Structures are given as structure tokens and as C-alpha cells.
Amino acid sequence: MSSALTDLCRYPIVQAPMAGGSSGPQLAAAVSEAGGLGFLAAGYKTADGMYNEIKQLRGLTGQPFGVNLFMPQPALADPSAVEVYRHQLAGEAAWYETPLGDTDSGGDDNYDAKLAILLEDPVPAVSFTFGCPARDTLDAFAGVGTYTVVTVTTPEEAQAAQWAGADAVCVQGIEAGGHQSTHRDDPQTDGTGIGLLSLVSQVRETVQIPILAAGGLMRGSQIAALLAAGAEAAQLGTAFLVCPESGASPLHKQALTNPLFVRTELTRAFSGRPARGLVNRFMREHGPYAPAAYPQVHYLTAGLRKAAAKAGDAQGMALWAGQGHRMARELPAGRLVRLLAEELDAARTAVSTGSTQ
């Protein structure tokens, strides 16, 4: 790993920031304590909520950690399309006995307020999702000693991040669970994302800054393959989702290895933006009709998802998961980090000795 990344974590293992409550202080602290790099997900939180979680995390570990921010989204959604979808979801609202949400909650995710906090009271690393910050923002973080990572899904996005002054890029393959972090949400490109191994190789030939690889990774041997392809670290989300420190609901954790859920798909059904999750009833019934309207659809369906979870109905929840979800291991996060590191070492040894075992 590069010296900057080595300073942040002993192993080239990063815990993905999963918004919605999964990536809280307990999970991030456990990963960082074990030698990985834990991340808090600030998406959907208020600025004060983010700050309180940072304080909790600092009370749990003295090791480096990161915070992930959502970039503000342009107002591109067609209001009439959102209203049509609202009417389509009326039956869900009646079934779960909960009102549909307010779609006028704004698309900036309290970005400026969160930036102000992170620049005034710096954390070791900050990553960005759904776009690339302006150069002056990345320069400001460099000035306070914060390592910056921009999530990208194409070589062109990686090049833009390098030009803007990012310290590294997190290259997200189409296998990844949760939202695809495209910088521009274009419905014409739905489902056309690039597989991780190919994408890392392409980005490695496009930029000179370090690469973190993300997308369906569940084993140390996969990490070894990505490091050989040019990545300097791997970012894993679904692998940590089932850990006891994860804030994911028990239903979500159980679904990842439940034979009832046999595959994942990209859908706009829950948020209005392409995101990979386990195929369930809600996705099948509403995915084909969901508009390209993020975060409006996210706020529209938020109450439905909470009501489904409260009712114990996994068929109405957003069960975000990467393509490797069936390989999930229900281990404490620190133990999982150490196991992944052992598997990584074993894979490297096997390659260096020519072993196929």
C-alpha cells in the first residue's frame, strides 16, 4: 500500500460506509481496532447526528477512521413522474398503514453543514458518494490533513476525481450492493456498469492516484486478485453487514443467506436511484415503474420500509446486498478483518509458491 494508506490501516481492508444505520460507531470502531479502516456513513443524517456519531466513535477507538458524505443532487426529477409513483404506492401505504413520505425534503443532505464540521474538527479520512467535490473543497481537506476518497464507477469519473485533487478513488464495480455511485444519474445507462476486476484495470491505466476496489468482495482471495490488478486496498460492505456490530435489522441480516432470496438486481424501486439488493416482492412489483428521482423516491418510501421492518416483512424492505451475499459469515467484525487478512496472506503465498491449494 501507499504510505498514506498504510498510515490509516494495517491491512488493506476498508469497511464500506453503508447509509441507513448499518455503519455506525460500533462497527467502524471494531474494524479500525482490528487493523482495517472503519467508516461512518453520514448519508441521510443531520450534521449534528453525524457529529455525535464521530464523538461516539472517538470514544471507542483511537485508531484512524473515515466518514462518508453524499454529494448534493441536482433537481432533475420530473415532479409528475414522482406523483404517478406516489399513486402506484397507495396500496402499499394502505397495507402497511403508514403515510407516504414528503418528497420535498431537499437533495443536499446537509452537505455544507457537514463539510463545516469536518473541516473544523478534522477526521483522518473523508469519502464522497454520488459525485466529485470541487477542487477548493478537496484542497481544504488536504489543508487540515484529511485523506480524501472519491467513489467512481468509470475511468472518466476517476480521471475527474484526480483532476479535482482527490487523494484516492474508490472504484465501485457493478457487483456492489446498495447504490451505484455514478456521478450522473442517467436512466439510459441503467445496468451497463463495469465489473470490478475489469474496471480496476481500466482505472489503473487512467489515473496515478491510489485505488480502493469495491463490489461483491467477500473473501481474502478476492482481495488478493484486486491488489494484483492494481488496487491498493479493498472496500467491503455486505461482508460486514451480518456482523453483530452492524446496525442492519435482523431481518436484513437473515435475508442475506436465506435460500428464499436467490439473487440480486439493480432497482430504482426504493430510492429512485439504481441500487443493488435482494429481489423481493416490492422490487418485482414496483421496480419496473420507479422513476429516476433521487432522493425524492427515497423519502417517499422511507415510511413504508420502516413499517415493513417493524411488521417483520422482508418482502417490503430494501435488502441491499452485493452479488457475493450468500458468502456472508456471521462473525464479529474484528475477527472478520483478521480472517480476511489471513486469507489474503494465504492467497499471496499460494501464488508466490505456485500452489493451487
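See the structure above.
Here the structure is a predicted model, which is why all the values come from computation and not from measurement.

## A look at unusual backbone geometry
Part 1 of the argument: Proline 295 follows tyrosine 294 through a cis peptide bond whose omega is 5°.
Part 2 of the argument: Located in the positive-phi region is phenylalanine 130, a residue other than glycine, with phi close to 75°.
Part 3 of the argument: Within the fold, phenylalanine 130 resides in the loop between β4 (125-129) and α7 (135-143).

## What about the sheet that holds strand β8 (residues 211-214)?
Hydrogen bonds between backbone groups are what pair the strands of a sheet, and the pairing can be parallel or antiparallel.
Part 1 of the argument: In space, the 8 strands of this open sheet follow the order β1-β9-β8-β6-β5-β4-β3-β2, with parallel pairing throughout. Looking at which strands have only one partner, the edges of the open sheet turn out to be β1 (13-15) and β2 (38-41). Strand after strand, the sheet turns through a mean of 25° between neighbouring axes, direction not considered.
Part 2 of the argument: One ladder, built from 5 bridges, connects strand β3 (residues 65-70) with β4; its direction is parallel.

## Describing the sheet that holds strand β11 (residues 275-278)
Part 1 of the argument: Taken in spatial order, the 3 strands of this open sheet run β7-β11-β10, and their pairing is antiparallel. Each edge of the sheet is formed by a strand with only one pairing partner; in this case those strands are β7 (178-179) and β10 (264-267).
Part 2 of the argument: Strand direction decides the pairing type here: β7 and β11, joined by 2 bridges, are antiparallel. Bridging from a neighbouring strand, histidine 179 pairs with alanine 275 of β11.

## Some details on empty space enclosed by the protein
Vacant regions in the atomic arrangement are exposed by a probe of water-molecule size rolled over the atoms.
Part 1 of the argument: According to the stated counting rule, one finds 2 cavities of 30 Å³ or more in the structure shown.
Part 2 of the argument: Tyr44, Phe70, Met71, Gln73, Gly106, Gly107, Asp108, Asp109, Tyr294, Pro295 and Tyr299 together form the lining of the largest cavity.
Part 3 of the argument: Tallied by class, the residues present in the lining of the largest cavity amount to 6 nonpolar, 3 polar and 2 charged.
Part 4 of the argument: One number sums up the size of the second largest cavity: a volume of about 30 Å³.
Part 5 of the argument: Among the residues forming the lining of the second largest cavity, the class breakdown is 5 nonpolar, no polar and 2 charged.

## Some thoughts on the packing of helix α10 (residues 220-228) against helix α15 (residues 333-353)
What describes two packed helices is the angle between their axes and the distance between those same axes.
Part 1 of the argument: Orientation of α10 relative to α15, taken along the N-to-C sense of each, is 55°, at an axis distance of 7 Å. One way to sum up the angle between α10 and α15 is to call them oblique. Like other packed secondary-structure pairs, α10 and α15 cross with a definite hand, here right-handed. Here α10 contributes Gly220, Ser221, Ile223, Ala224 and Leu227 to the contact with α15, which in turn contributes Leu340, Glu343, Leu344, Ala347 and Arg348.
Part 2 of the argument: In terms of residue class, the contact of α10 with α15 is built from 6 nonpolar, 2 polar and 2 charged.

## Describing the packing of aromatic side chains
Part 1 of the argument: Per the counting criterion, the structure on display carries 6 aromatic pairs.
Part 2 of the argument: Here tyrosine 44 and phenylalanine 70 contribute two aromatic rings whose centre-to-centre distance is 5.2 Å and whose plane-to-plane angle is 85°, an arrangement assigned as edge-to-face. Of the two residues, tyrosine 44 sits in the loop between β2 and α3 (47-60) while phenylalanine 70 sits in strand β3, which places them 26 residues apart along the sequence.
Part 3 of the argument: Taking relative accessible area as the criterion, phenylalanine 70 reaches 8% and is therefore assigned buried.

## Observations concerning the pairing of strand β6 (residues 168-172)
Part 1 of the argument: In terms of residue burial, β6 counts as a mostly covered element, since 5 of its 5 residues are buried.
Part 2 of the argument: Residues Ala168, Cys170 and Gln172 point to one face of β6 and Val169 and Val171 to the other, with burial holding for every one of them.
Part 3 of the argument: Relative to β6, strand β5 (residues 147-152) is paired through 4 bridges, and the arrangement is parallel. Bridged to valine 149 within β6 is alanine 168.
Part 4 of the argument: Between the parallel elements β5 and β6, the chain passes through helix α8 (residues 155-164) in a crossover that is right-handed.

## Description of the layout of surface pockets
Part 1 of the argument: By volume, the largest pocket is sized at about 1,100 Å³.
Part 2 of the argument: Forming the boundary of the largest pocket are 48 residues, of which Met18, Ala19, Gly20, Ser22 and Trp320 lie nearest the centre.
Part 3 of the argument: Broken down by element, the lining of the largest pocket gets its largest block of residues, 6 residues, from helix α14 (residues 296-310).
Part 4 of the argument: When grouped by side-chain class, the residues that make up the lining of the largest pocket number 24 nonpolar, 22 polar and 2 charged.

## Details of helix α9 (residues 196-204)
Part 1 of the argument: All of the buried residues in α9 are Leu196, Leu199, Val200 and Val203. Each buried residue of α9 sits inside an arc of 100° when the element is viewed along its axis, so together they form one side.
Part 2 of the argument: Residues of α9 that are buried sit in contact with α8, β6, β8 and α10.

## Describing the pattern of salt bridges
Part 1 of the argument: Counted by the stated rule, this structure contains 12 salt bridges.
Part 2 of the argument: Of the charged contacts, one joins lysine 114 and aspartate 109 as a salt bridge, the two residues approaching to 3.0 Å between their closest N and O atoms.
Part 3 of the argument: For lysine 114, a relative accessible area of 1% translates into the label buried.
Part 4 of the argument: Aspartate 109 sits in the buried class, given a relative accessible area of 10%.
Part 5 of the argument: A salt bridge links aspartate 185 to arginine 268; the shortest N-O distance between them is 2.9 Å.

## Considering the packing of helix α6 (residues 111-120) against α7
Part 1 of the argument: Taken N-terminus to C-terminus, the directions of α6 and α7 make an angle of 25°; their axes are 10 Å apart at the nearest point. One element, α6, and the other, α7, form an angle in the roughly parallel class. Contacts between α6 and α7 pair Tyr111, Leu115, Leu118 and Leu119 from the former with Thr137, Ala140 and Phe141 from the latter.

Reading the values: the criteria
- In every chain, residue numbers begin from 1 and rise along the written sequence.
- Totals for whole chains, interfaces and linings use all residues, but because this is a predicted model, local features are given only for residues with pLDDT of at least 70 and pairs of side-chain atoms are given and counted only at 80 or more.
- Processing note: side-chain calculations cover all non-hydrogen atoms of the structure and skip hydrogens and water entirely.
- Strands here are runs of E lasting at least two residues and helices are runs of H or I lasting at least four, both read from the DSSP assignment and numbered beginning at the N terminus.
- One bridge is not enough; two strands pair if DSSP finds at least two bridges between them.
- In this analysis, axes come from line fits to C-alpha atoms, helices being fitted only over the stretch in contact, and the angle between any two N-to-C directions falls in the range 0 to 180 degrees.
- Of the grid points, spaced at 1 Å and generated over the protein atoms alone, those admitting a 1.4 Å probe that cannot get out make up cavities, while open sets with protein on both sides within 12 Å along at least five of seven lines make up pockets; any residue with an atom within 4 Å of a point is treated as lining.
- Grid points are joined across faces, edges and corners, and a volume is the space filled by probe spheres set on the points.
- Gly falls in the polar group here, along with every residue not listed as nonpolar (Ala, Val, Leu, Ile, Met, Phe, Trp, Tyr, Cys, Pro) or charged (Asp, Glu, Lys, Arg).
- The scheme is simple: roughly parallel for angles under 35 degrees, roughly antiparallel for over 145, roughly perpendicular for 65 to 115, oblique for anything else.
- Here a crossing is taken to be left-handed if its near helix is turned anticlockwise relative to the far helix by less than a right angle, and right-handed if that turn runs clockwise.
- Here, residues are in contact when the closest pair of their heavy atoms is within 4.5 Å.
- Pairing of aromatic rings covers Phe, Tyr and Trp, the last through its six-membered ring, and needs centres within 6.5 Å; plane angles under 30 degrees mean stacked, over 60 mean edge-to-face, and all others mean tilted.
- Burial classes: relative accessible area under 20% of the type maximum marks a residue as buried, over 50% as exposed, and values in between as partly exposed (1.4 Å probe, protein chains only).
- We call a crossover right-handed when, viewed with both strands directed away from the observer, the connection leading from the first strand over the helix to the second proceeds clockwise.
- Summarising the geometry, the arc corresponds to the directions from the helix axis toward the C-beta atoms.
- Salt bridge, as used here: a side-chain nitrogen of Lys or Arg that lies within 4 Å of a carboxyl oxygen of Asp or Glu.

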